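Residues per chain are reported as follows:
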Amino acid sequence: MPEVSALRDAFTARFGITPRLIVRAPGRVNLIGEHTDYNEGFVLPIAIDRATFVAARARPDHTVRVYSANFAAEDSFDLARIERSAEQPWSNYVRGVVKGLLARDLPILGADLLIESDVPLGGGLSSSASLEVSVGYALQLLNNVDLLGEELALLAQGAENSFVGMQCGIMDQFMAALGRAGHALLLDCRDLSYTPIPIPPDVRVVVCDSGVRHTLVGSAYNERRAACHEAVTLLKARLPRIAALRDVTTEQLAVNGDLLPPAVLPRARHVVSEIGRTLRAAEALERGDLRLFGALMYESHASLRDDYEVSVPEIDTLVELARGLPGCYGSRITGGGFGGSTVSLVSTGAVEAFADALGAQYQDRTGNQAKILICTPSEGVSRAATF
Ligand code: ADP
Ligand code: MG
């Protein structure tokens, strides 16, 4: 984790003046509820104990200077002319957030910002949302602007959708802003209402990055979204009141599945079943029934593999290896798919041995090196220091 004192010193060395404050915003991992967000369904993520840190100081002018320690790169821009940067694409996450604040007529002055993150970049743990939310929060504090956590999350999502051009849902920014230590959040992606659910201290969340990335992720994601949209349109012939797959029950889909082409029906079946599983998993977690929770994770994986077809053999291998290891309650693919990571729920006493064995067995089977993180459910955005 970046040290507050080291961040302060790095800021002072770069900008010639001490920072006013340091904030942090976490990455996230989703325990269950995959590809449900854009169907107005439920997700159950935790914020993780990896975060983007921003050291910041207001400037008296209208310039934002921003340095990313991760990229060892600096950029600057004028508040009056915020355009997309082709040379420094990473800066667009910052520019988009500043532009979003200004678009709300919030009184934002220039700033010096130094960013350092220990969320793996591009690894599916949402370094992008943690960057957006941490920058937004730092500017909020520097300029004495009050924004609710929900507002900050929506502003950050808007920046990523319209300024960076990535059509992500709200989950990532919501967790970076509103994650709760020791809890997962059952988030209703339809209206953003949420319920914190305690994670028992005797289990840990393990994220295992397969090291596999497929280039088709973007187009396959759009194809899945289109299939869901088509399913809703066709089902409306008999279910005129539905607005999203969220509104369709398992029974309704079974009875009306004949309306859907053979390629679309399994996509809808995943989404409808996954929304039900997510609600049941949240209830199980609430009761401390980790066995049932874990069984639902395995079911979720099978549905994503067979019906939604977003898994790959390496990820299936990781899930099967996890299933065979002591202390593992459940395991599944997490994130958009086509490679990326698995998430597993493992009893605390067994977690170190689990991580070692999973990495070793995966390497034996596939020749790939996994990157394993043992995560603790953490707090959303917060102030880390004031100077
Ligand atoms: P993920 O959100 O899963 O980590 P994304 O592709 O959505 O993956 O976001 C990663 C991108 O976000 C990086 O390529 C970079 O442009 C930007 N980013 C994230 N963290 C930082 C950082 N600390 N410094 C600069 N850019 C960052
Ligand atoms: Mg991202």
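For clarity, every value in this text was computed on a predicted model and none was experimentally measured.

Our focus in this paragraph is the side chain of Glu34. As for its placement among the helices and strands, Glu34 is situated in the loop between strand S1 (21–30) and strand S2 (42–43). Taking the relative accessible area as the measure of exposure, Glu34 reaches 5% and is therefore buried. With residues up to four places along the chain from it excluded, the contact list for Glu34 reads His270, Glu274, Leu304, Arg332, Ile333, Thr334 and Gly335.

Ile46, Leu245 and Phe293 are the most contacted members of the largest nonpolar core, which has 69 residues in total. Counting residues per element, this core draws most heavily on helix H8 (residues 265–286), at eight residues. Split by domain, this core shows at least three residues from each of two domains, domain 1 (4–198 + 378–386) and domain 2 (203–375). With sequence-adjacent residues up to four places away left out, Ile46 is seen in contact with Gly27, Arg28, Val29, Leu31, Met175, His183, Ala184, Ile199, Val205, Cys375 and Pro377. Counting 50 residues, the second largest nonpolar core, distinct from the first, contains Val135, Ala138, Leu147 and Phe163.

All right, on to helix H11 (residues 351–366) then. Over its 16 residues, H11 extends 22 Å from the first C-alpha to the last, a length consistent with the 22 Å expected when each residue adds 1.5 Å. Listed as buried for H11 are Val351, Phe354, Ala355, Leu358, Gly359 and Tyr362. Down the axis, H11 shows its buried residues gathered within 125° of arc, on one side only. Among the exposed residues of H11, those oriented more than 90 degrees off its buried face are Glu352, Ala353, Asp356 and Asp364.

In the vicinity of ligand 1 lie 17 residues, with Ser68, Asn70, Gly122, Ser127 and Ser128 positioned nearest. Ser126 places a main-chain nitrogen or oxygen 3.4 Å from an oxygen atom of ligand 1. In the environment of ligand 1, an oxygen atom lies 3.0 Å from a nitrogen or oxygen atom belonging to the side chain of Ser128. Considered on its own, ligand 1 offers 570 Å² of accessible surface; in the complex 80% of this is hidden by protein. Those elements giving two or more residues to the shell around ligand 1 turn out to be strand S6 (111–117) and helix H3 (127–142). Considering each element in turn, the shell around ligand 1 owes the most residues, three residues, to H3. In the shell around ligand 1, the residues fall into eight nonpolar, nine polar and no charged.

The assigned domain composition of the protein chain is domain 1 (4–198 + 378–386) and domain 2 (203–375). Centre-to-centre, using C-alpha coordinates, domain 1 lies 27 Å away from domain 2. At the interface, 30 residues of domain 1 touch 41 residues of domain 2. With both chains or domains summed, domain 1 and domain 2 bury close to 2,900 Å², and 64% of this area falls on carbon and sulfur atoms. Notably, a salt bridge pairs Arg246 with Asp188, separated by 2.8 Å at the nearest N-O pair. Seen at the junction of domain 1 and domain 2, the total is 16 residue pairs in polar contact (both at pLDDT 80 or more). Among the elements of the structure, S1, S2, strand S3 (45–58), strand S7 (183–188) and strand S8 (194–198) are those that each provide at least two residues to the side of domain 1 that touches domain 2. Ranked by the residues each element gives to the side of domain 1 that touches domain 2, the list is headed by S3, at four residues.

Reading the values: the criteria
Residues numbered from 1 in each chain as written. Chains lettered and ligands numbered in written order. Predicted model: local features only at pLDDT ≥ 70, side-chain atom pairs only at ≥ 80, totals over all residues. Heavy atoms only, no water. Helix = DSSP H or I, 4+ residues; strand = E, 2+ residues; numbered from the N terminus. Buried < 20%, exposed > 50% of the residue type's maximum accessible area, 1.4 Å probe, protein only. Contact = heavy atoms within 4.5 Å. Core = buried A, V, L, I, M, F, W, Y, C linked by side-chain atoms within 4.5 Å. Domains from an automatic or database assignment. Expected span 1.5 Å × (residues − 1). Arc of directions from axis to C-beta. Near = heavy atom within 4 Å. Polar contact = N/O pair within 3.5 Å; in protein donor to acceptor, adjacent residues only side chain to side chain. Areas by Shrake-Rupley, 256 points an atom, 1.4 Å probe, with all protein chains shown as cover. Nonpolar A, V, L, I, M, F, W, Y, C, P; charged D, E, K, R; others polar. Buried area = accessible area lost by both parts, 1.4 Å probe. Salt bridge = Lys/Arg side-chain N within 4 Å of Asp/Glu carboxyl O.

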